[in-house]
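# Survey of secondary and tertiary structure
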Amino acid sequence: MKICLVRPPSIVNPVSYIASLTPPIGLAYIAAALREAGHVVDIVDGIGERPLQSVPIAHNLVLRGMTFDEIVARIPRDAGLIGVSGMFSSEWNHIRTLVNKIAEALPDVPLAAGGEHFTAAPDVSMAQCPGLDMCVLGEGEETIVELAAALEKGSDLKLVKGLALRDGSGYMRTGSRPRIRAVDTIPRPAWDLIPLQAYWENSLSYGVNRGKSMPMLASRGCPYSCTFCSNPAMWTTRWIARDPKEVLDEIEDYKKRWDIDNVDFYDLTAIVKRDWILEFAKGLVARKLNITWQLPSGTRSEAIDGEVSKWLYASGCRNMNYAPESGSEDSLKRMKKHVSLDKLTESLRAAVKEGLNVKINIILGMPDDTHWDTLKTMAFLVRMSWNGAHDVSVGVFSPTLAPRSTSAWCSRRRSPTPTTTSTSWPTWTSPRPCPTPTSCPPARCSSTISSASRCSTARTTCSARPASCAPCATSRPAGTSPAARWLWRG
Ligand code: B12
Ligand code: SF4
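What counts, and at which threshold
Residues numbered from 1 in each chain as written. Chains lettered and ligands numbered in written order. Predicted model: local features only at pLDDT ≥ 70, side-chain atom pairs only at ≥ 80, totals over all residues. Helix = DSSP H or I, 4+ residues; strand = E, 2+ residues; numbered from the N terminus. Buried ≥ 20, exposed ≤ 12 C-beta atoms within 10 Å, placed from the backbone. Contact = placed C-beta atoms within 7 Å. Pairing = 2+ DSSP bridges. Axes fitted to C-alpha atoms, helices over the stretch in contact; angles between N-to-C directions. Near = placed C-beta within 6 Å. Nonpolar A, V, L, I, M, F, W, Y, C, P; charged D, E, K, R; others polar. Domains from an automatic or database assignment. Left-handed = near helix turned anticlockwise from the far one by under 90°. pLDDT = per-residue confidence, 0-100. Expected span 1.5 Å × (residues − 1). Arc of directions from axis to C-beta.

### Digging into the overall build of the protein
- Of the regular secondary structure elements, the protein holds 19 helices and 18 strands.
- Across the 490 residues that make up the protein, the buried fraction comes to 46%.
- For the protein, the proportion of contacts with a sequence separation of at least 24, taken over those separated by at least 6, is 77%.

### Some thoughts on the sheet that holds strand β2 (residues 10-12)
- Sheet architecture is open: three strands sit in the order β2-β5-β4, paired in antiparallel fashion. Edge positions in the open sheet fall to β2 and β4 (54-57), since each of these has one partner strand only. In this sheet, neighbouring strand axes are inclined to one another by 35° on average, regardless of whether the strands run parallel or antiparallel.
- As judged from the three bridges shared by β2 and strand β5 (residues 61-64), these two strands associate in the antiparallel manner. Across the sheet, residue I11 finds its bridge partner in β5, namely L63.

### Remarks on the site of ligand 2
- In the region of ligand 2, the neighbouring residues are C222, Y224, S225, C226, C229, N231, L268, T269, R300 and A323.
- By residue class, the composition of the shell around ligand 2 is six nonpolar, three polar and one charged.

### Quick look at the site of ligand 1
- Lining the immediate environment of ligand 1, one finds 43 residues, of which G26, G83, S85, G114 and G140 sit closest.
- Counting residues per element, the ones that place at least two in the shell around ligand 1 are β2, α1 (25-36), β6 (81-85), β7 (111-114), α4 (116-120) and α6 (141-153).
- The element best represented in the shell around ligand 1 is α1, accounting for five residues.
- Across the shell around ligand 1, the residue classes tally to 22 nonpolar, 16 polar and five charged.
- A domain-level breakdown of the shell around ligand 1 finds at least three residues from each of domain 1 (2-173) and domain 2 (207-396).

### Quick word on the packing of helix α10 (residues 274-287) against helix α11 (residues 306-314)
- Two numbers describe how α10 lies on α11: the axes approach to 8 Å, and their chain directions differ by 30°. As α10 packs across α11, the resulting crossing turns out to be left-handed. Seen from α10, the contacting residues are R274, I277, L278, A281, K282 and V285; seen from α11, they are V308, W311, L312 and A314.
- Of the residues that constitute the contact of α10 with α11, the class distribution is eight nonpolar, no polar and two charged.

### Things to note about the confidence of the model for the protein
- Across the protein, the average pLDDT comes to 85, with 81% of residues at 70 or higher.
- Here residues 413-490 is modelled with pLDDT under 50, and outside its nearest four sequence neighbours on either side it reaches 119 contacts, counting other chains as well.

### Some details on helix α3 (residues 92-105)
- Over its 14 residues, α3 extends 20 Å from the first C-alpha to the last, a length consistent with the 20 Å expected when each residue adds 1.5 Å.
- The set of residues buried in α3 consists of W92, H94, I95, R96, L98, V99 and I102.

### With respect to the environment of F88
- Within the fold, F88 resides in the loop between β6 and α3.
- Among the residues examined, F88 registers 16 C-beta atoms within 10 Å and is labelled partly exposed.
- Along the sequence, F88 and H117 sit 29 residues apart, while their C-alpha atoms lie 5.6 Å from each other.

### Focus on the pairing of strand β10 (residues 170-173)
- When strand β9 (residues 163-167) meets β10, the two strands line up antiparallel, connected through four bridges. Each bridged residue has a counterpart across the sheet, and for R166 the counterpart in β10 is Y171.
- What sits between β9 and β10 in their antiparallel hairpin is a turn of two residues, with G168 showing a positive phi close to 60°.

### A few points about the packing of helix α9 (residues 244-258) against α10
- Interhelical geometry of α9 versus α10 gives an angle of 35° and a closest axis separation of 9 Å. Helix-helix and strand crossings are classified by hand; for α9 and α10 the assignment is right-handed. Taken together, the residues of α10 that come into contact with α9 (itself represented by P244, K245, V247, L248 and E252) are W276, E279, F280, G283, L284 and R287.
- Class assignment for the residues of the contact of α9 with α10 results in six nonpolar, one polar and four charged.

### Topic: the environment of T237
- Turning to its location among the elements, T237 is positioned in the loop between α8 (231-235) and β13 (240-241).
- Its 11 C-beta neighbours within 10 Å are what place T237 among the exposed residues.
- Each C-alpha atom, one on T237 and one on G221, is 6.4 Å from the other, the two residues being 16 residues apart in sequence.

### Quick notes on the sheet that holds β7
- The mixed open sheet is built from seven strands, whose spatial order is β3-β1-β6-β7-β8-β9-β10. On the outer flanks of this sheet lie β3 (40-45) and β10, each paired with one strand and no other. Across the sheet, the mean angle from the axis of one strand to that of its neighbour is 25°, orientation sign disregarded.
- In the sheet, β6 pairs with β7 via four bridges, with the strands oriented parallel. Across the sheet, the residue bridging to V84 is A113, located in β7.

### Brief notes about α10
- Taking 1.5 Å as the rise per residue, α10 with 14 residues should run 20 Å; its terminal C-alpha atoms sit 20 Å apart, in good agreement.
- Within the sequence span of α10, burial applies to I277, F280, A281 and L284. Down the axis, α10 shows its buried residues gathered within 95° of arc, on one side only. Opposite the buried face of α10, by more than 90 degrees, sit the exposed residues D275 and A286.

Here's what the structure looks like:
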């Protein structure tokens with residue numbers, strides 16, 4: 001069967017330094033699995049095929065990439081299945097328009113969707129996209145292959161686990177699919193179907209720009225259940241790492257094929273086991289590939305001590321994000337973050353001592369956070385700065401940005417009124433009854449938002465994309481990071 005996979009364009013603030021546009025590793029994995037099952041696959045990469053094109057939309061934002069009409073025109077008319085990817089719930093309004101346009105143009109072709117957004121909100125997605133036939137929930141490789149086989153044979157789709165299907169005027173789930181345990185058997189991403197050159201030529205990657213960068217996944221899932229995070233609903237709490245040798249072979253293959261300079265790990269949390277990371281880092285040193293690598297998405301710090309940091313640096317790791325998210329113990333308890341700030345500080349000192357650039361990820365305005373929690377977080381950032389942290393990334397918790405599958409979203413919402421058919425942005429996120437309506441706190445986040453926006457202005461200093469950005473590429477002495485300058489300027 002011919003299958004077409006579609007990656008929508010992305011919403012970007014044109015003056016932001018932190019809006020990364022990245023090659024779609026999720027779709028490349030889906031394409032590889034389908035190809036291995038014998039299908040002919042085409043990917044319409046709505047970003048990579050027009051990386052510099054911008055279409056203005058509301059609120060000082062642009063859609064970067066192909067227009068919806070260009071995407072619809074690019075889809076082969078003889079496709080037997082179309083699959084659309086949707087990562088961010090914050091982009092739903094636009095993904096919805098695209099899905100509806102595809103369904104109108106190709107009404108007879110089965111239309112599936114998958115990714116973080118569709119996993120968190122299949123009910124809303126199907127209610128607002130009448131032409132969307134099914135959503136693939138969670139990890140997609142096995143489900144899409146079984147779905148394509150069932151469509152070819154004309155067999156009952158209800159027997160394919162991991163789907164949300166239309167059922168009368170509503171929808172039904174076909175039952176949950178277990179995670180893939182044998183992760184080393186998952187075919188490597190089909191990068192030949194993605195215009196990688198366009199990303200490299202335009203310095204589009206995740207993390208700090210260190211030249212020709214390849215996305216990579218060393219593990220899937222995360223063993224924790226932080227309340228603001230979609231991980232438990234999307235991947236369960238099972239962390240499964242690939243064999244370090246497999247990851248090294250993949251890197252070596254990319255070095256030979258494309259002479260890459262750098263690897264960006266997209267893992268939810270790559271470093272969980274000390275033995276794993278040591279074996280990986282020592283293996284990379286032994287292979288002498290002359291590349292750098294980084295962990296831009298945030299990692300746990302528990303397994304990173306002096307010896308691990310030494311090997312991280314020796315193997316080419318240059319940038320790493322720790323994600324304590326708050327400096328307030330009360331807030332951390334509510335987030336179920338399970339992090340010791342003292343141990344994290346110790347780990348950070350060791351990493352900085354070995355020469356790594358360390359960024360701290362923070363979330364402000366979580367449900368039930370007080371001004372006191374915010375002040376404690378600011379003090380914690382000062383401490384991090386004195387200990388050598390180079391950068392800070394501050395996000396503001398928002399019920400519209402948080403995935404609907406997270407418990408923090410649920411406790412933040414106000415109205416229990418079902419609104420699956422509403423198309424207005426602020427209300428679509430409230431379609432299911434809240435199990436704990438009495439715990440919804442009063443609106444008191446707005447006071448913290450102003451501090452966060454000041455901070456996010458300051459952080460652009462160090463998140464600037466060009467390779468020439470000296471602060472990103474080199475270590476600076478403790479106490480002179482953007483966080484420190486921002487906090488001390490009065
Ligand atoms: C890379 C990344 C980014 C990049 C994205 C670049 C881009 N435009 O694509 C950048 C840095 C820009 C980014 C920003 C943000 N991110 Co981010 N990011 C990631 C990250 C680290 C990796 C994504 C990835 O490639 N995963 C690996 C692949 C294999 O998984 P996958 O894409 O989910 O694909 C699998 C399935 O979903 C499914 N699938 C996917 N597509 C399809 C399609 C079909 C047809 C099928 C059948 C299946 C299928 O099959 C795939 C293989 O199993 C994830 C964490 C993670 N590891 O997933 C967070 C994550 C996606 N980000 C998240 C968040 C919250 C954000 C921000 C809102 C943070 C902030 N406050 O600013 C912003 C939003 C930006 C925006 N545009 O609105 C959340 C998503 C929450 C949500 N559902 O909305 C995640 C899950 C992190 C988390 N745990 O909280 N992010
Ligand atoms: S925030 Fe990080 S540690 Fe917490 S569940 Fe998500 S990926 Fe895991």
